[in-house]
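Coordinate inspection notes
Chain by chain, the residues run as shown.
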Amino acid sequence: MKSGHRLGRRFGWLWAAYGSSALGTWLAFGAFPLIAIEVLRAGPAEVALLASVGAAVGAAVAVPLGPWVEFRRKRPVLIAMDLVRCAALLTIPAAFALGVLGFVQLLLVSVVVAAADITFRAASGAYLKTLLPAEDLLVANARLESTAWATTIVGPPLGGAAIGLLGPVATVVADAVSYLLSALGLRAMGGREPRPERPEPPERPGTAAGRGAGMRAGDLLDGWRYVLADPTLRPLFFNTVLFNGLVMAASPLLALLMLGPLGFAPWQYGLAFAVPSIGGLLGSRLAPPLVSRFGRHRVLVVAGVLRAIWPVGLAFLGPGTAGLLLVMGIELGLILCCGVFNPVQATYRLERTAADRVARTLSAWAVTAKASTALLTAVWGVLGVLLGPRTAIGLAGVLVLATPFLLPRRAAAPPLEPSTAQAQV
C-alpha cells in the first residue's frame with residue numbers, strides 16, 4: 001500500500017471529513033429507535049415503521065437528486081448535504097428541549113437524512129474519481145473502508161456509554177456535530193473544480209438547443225439505464241444489492257434470536273459484532289496488495305464467493321459461550337471477506353463508469369440498495385413470524401449462497417471517456 005502523503009493534501013481532508021461523519025453515525029447507532037421507545041413510548045409497529053419507511057421514502061426522495069448532482073460541482077454538494085443532515089438532526093434535541101418532539105418529526109428527519117446520505121455518496125464517488133488518478137482509487141477506497149470499520153468498532157460502545165449517561169438525544173447531537181465537522185473539512189480542501197458540462201441534446205423543431213434547459217425527465221432513469229446496459233456493472237449491481245439486502249434483512253431476526261430464546265445479554269450481543277469488525281480493518285488493508293498480486297477481477301470474484309458462505313452458519317447458533325464464539329467466528333469471516341470485497345468493488349465500479357455518468361449511476365445504485373433492504377427486511381419480518389427466527393435466518397443464508405452466480409464472469413476494460421454514446425439517450 002502506498003504511503004499516506006502520496007494521495008495528497010486534498011484527499012487527506014476528504015478522508016478526515018469521511019471519518020468524522022462515519023464516527024458520528026456510529027455514535028448515534030440505534031438512537032432513533034431508542035428515542036421512539038424511551039421518549040415517545042412508541043410500540044413495535046411504530047419502531048418498524050421508522051426503520052423501514054424512513055429509508056424507503058428517503059430513497060424515493062433521492063431519485064431526482066442524482067441527475068441534479070451530475071452537472072454540478074461536487075464539493076459544494078457534499079458540503080450542502082452535510083449541512084442539511086446537521087440541521088435536520090439538530091431539530092430533534094431542539095424539539096426535545098421544548099417538549100414538542102413527536103413521532104412524525106422523527107420520521108421526517110429520518111427521510112431527510114436518508115435522502116441526503118444517498119446524494120452525498122453519489123457526489124463523493126464522482127468527486128473522488130476526478131480528485132485522484134485511476135491507479136490511486138483502490139488505495140483511497142481501501143482507506144475509506146478501513147475507516148468505516150474502525151468507526152464501527154469504537155462508535156457503538158462510546159455511543160452506548162453516552163446514551164447511558166446522557167440519554168439517546170445526546171448521541172443525535174454528536175452525530176449532527178460530526179456532519180458540521182465534515183463540512184468544515186471539505187471546505188478546507190480548497191482547490192478549483194470545473195463545472196461539469198451537460199452534453200447537448202439533439203435539437204428538435206420548435207425547441208431551443210443548449211444546456212440551459214435544465215434537468216430532463218429522462219435523466220431520472222439514466223443511472224439505471226447505464227447500469228443495466230453494461231455487461232460488467234449489471235451482474236455486480238444485482239449481486240451487491242441482493243447480498244446486502246439479505247444480510248441486513250436477517251439482522252433483526254438474529255438480534256431477536258440471541259436476546260430472546262438463546263438468552264444472550266445485550267453486552268454479549270454488542271461484543272459479538274464489535275470484535276469481528278477488526279476483520280474489516282484487516283481485509284481493507286489486504287485488498288491493494290492482493291489486487292497487485294492476483295488482479296482486480298480475480299480478487300473481486302474470490303472475495304465475493306467467500307463472503308457468501310458465512311451467513312447460513314448463523315442458523316445453527318446455540319446458547320452459551322460456544323454460541324457466542326460461533327457467531328463471532330462467522331461474523332469475523334464475513335466481515336474480513338467484505339473488507340476485501342468492498343473497496344475492490346467500489347474501485348471496479350468507478351473505473352467502469354464514465355466520468356459523466358458517475359453521480360447518476362451511484363445514486364441509482366444506492367437508491368436501489370436502500371429500497372431493497374427496506375423491502376427485504378419487511379418480508380423477513382413476516383417470515384420470522386411464520387417460520388420462526390432461526391428458519392428465516394437459515395433461508396436468508398441459503399439465498400446468499402446463490403449470490404456469487406451474479407458476479408461478473410470476466411474482466412472488462414473501462415469505457416471510453418466521456419460516454420458520448422450514452423449521452424444521447
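The text that follows walks through the structure, step by step, so that each part is easy to find.

Calculation notes
- Residues numbered from 1 in each chain as written.
- Predicted model: local features only at pLDDT ≥ 70, side-chain atom pairs only at ≥ 80, totals over all residues.
- Heavy atoms only, no water.
- 1 Å grid on protein atoms, 1.4 Å probe; cavity = no way out; pocket = protein on both sides within 12 Å on 5 of 7 lines; lining within 4 Å.
- Points joined across faces, edges and corners; volume = space filled by probe spheres on them.
- Helix = DSSP H or I, 4+ residues; strand = E, 2+ residues; numbered from the N terminus.
- Axes fitted to C-alpha atoms, helices over the stretch in contact; angles between N-to-C directions.
- Parallel < 35°, antiparallel > 145°, perpendicular 65-115°, else oblique.
- Contact = heavy atoms within 4.5 Å.
- Nonpolar A, V, L, I, M, F, W, Y, C, P; charged D, E, K, R; others polar.
- Buried < 20%, exposed > 50% of the residue type's maximum accessible area, 1.4 Å probe, protein only.
- Salt bridge = Lys/Arg side-chain N within 4 Å of Asp/Glu carboxyl O.
- Phe/Tyr/Trp six-rings, centres within 6.5 Å; stacked < 30°, edge-to-face > 60°.
- Lys NZ or Arg CZ within 6 Å of the ring centre and 35° of its normal.
- Polar contact = N/O pair within 3.5 Å; in protein donor to acceptor, adjacent residues only side chain to side chain.
- Core = buried A, V, L, I, M, F, W, Y, C linked by side-chain atoms within 4.5 Å.
- Expected span 1.5 Å × (residues − 1).
- Disulfide = S-S within 2.5 Å.

1. As for empty space enclosed by the protein
- Across all of its chains, the model carries 2 cavities of 30 Å³ or more by this definition.
- As a volume, the largest cavity reaches approximately 50 Å³.
- Surrounding the largest cavity, 11 residues form its lining, V63, P67, L220, W224 and R360 being those nearest its centre.
- Sorting the residues of the lining of the largest cavity by element identifies α4 (65-70), α9 (222-229) and α15 (358-387) as the ones contributing at least two each.

2. Examining the packing of helix α14 (residues 320-352) against α15
- Here α14 crosses α15 at 135 degrees, and the two axes come no closer than 10 Å. The angle between the axes of α14 and α15 places the two elements in the oblique class. Residue-level contacts link Q345, R349 and L350 of α14 to V358, L362 and W365 of α15.
- By residue class, the composition of the contact of α14 with α15 is 4 nonpolar, 1 polar and 1 charged.

3. Remarks on the environment of L14
- As for its placement among the helices and strands, L14 is situated in helix α1 (residues 8-27).
- Under the relative-accessibility criterion, L14 is labelled buried at 8%.
- Those residues in contact with L14, other than ones at most four positions away along the chain, are L128, L131, L186 and M189.

4. Here we look at the pattern of salt bridges
- With the rule as written, the count across this model stands at 8 salt bridges.
- Between R360 and D222 there is a salt bridge; the shortest N-O distance is 2.9 Å. Of this pair, R360 sits in helix α15 while D222 sits in helix α9, and the two are 138 residues apart along the sequence. Exposure class is identical for R360 and D222. Each is buried.

5. Here's the deal with the packing of aromatic side chains
- A complete count under the given rule lists 3 aromatic pairs for this structure.
- Each ring, one from F237 and one from F238, has its centre 5.3 Å from the other, and the planes form 65 degrees; the classification is edge-to-face.
- You can call F237 buried: its relative accessible area is 5%.
- For F238, a relative accessible area of 39% gives the class partly exposed.
- The structure contains a cluster of three or more aromatic residues connected by ring pairs, namely F237, F238 and W365.
- Its end group placed over the ring of F341, R307 keeps NZ or CZ at 3.8 Å from the ring centre.

6. Here we look at the side chain of E70
- Note that E70 resides in helix α4.
- Overall, E70 belongs to the buried group, its relative accessible area being 3%.
- A polar atom in the side chain of E70 sits 2.8 Å from the backbone nitrogen of R360.
- The residues contacting E70, other than those within four sequence positions of it, are P196, A355, D356, R357, V358, A359 and R360.

7. Considering the nonpolar core
- Residues F11, L14, L128, L131, L132 and L186 are the most contacted members of the largest nonpolar core, which totals 29 residues.
- When contributions to this core are tallied by element, the ones reaching two or more residues are α1, α5 (74-98), α6 (103-131), α7 (137-166), α8 (168-188) and α15.
- Considering each element in turn, this core owes the most residues, 8 residues, to α6.
- Among residues more than four places away in sequence, those in contact with L132 are L7, F11, L137 and A140.
- L246, M258, I330 and V400 belong to the second-largest nonpolar core, a separate cluster that totals 27 residues.

8. Description of α14
- Its 33 residues give α14 an end-to-end C-alpha distance of 47 Å, which sits within 8% of 48 Å, the value for a rise of 1.5 Å per residue.
- Most of α14 sits inside the fold, with 24 of its 33 residues counted as buried.

9. Focus on the state of the cysteines
- Going through the model one piece at a time under the given rule, you end up with 0 disulfides.
- The thiol sulfur of C337 is not disulfide-bonded, and the nearest other cysteine sulfur, from C338, lies at 7.0 Å.

10. Quick word on the packing of α9 against α15
- Remark: α9 packs on α15, axes separated minimally by 7 Å, with the N-to-C direction vectors making an angle of 90 degrees. With respect to α15, the axis of α9 lies roughly perpendicular. Taken together, the residues of α15 that come into contact with α9 (itself represented by D222, G223, W224, Y226 and V227) are R360, T361, A364, W365, V367 and T368.
- Broken down by class, the residue content of the contact of α9 with α15 amounts to 6 nonpolar, 3 polar and 2 charged.

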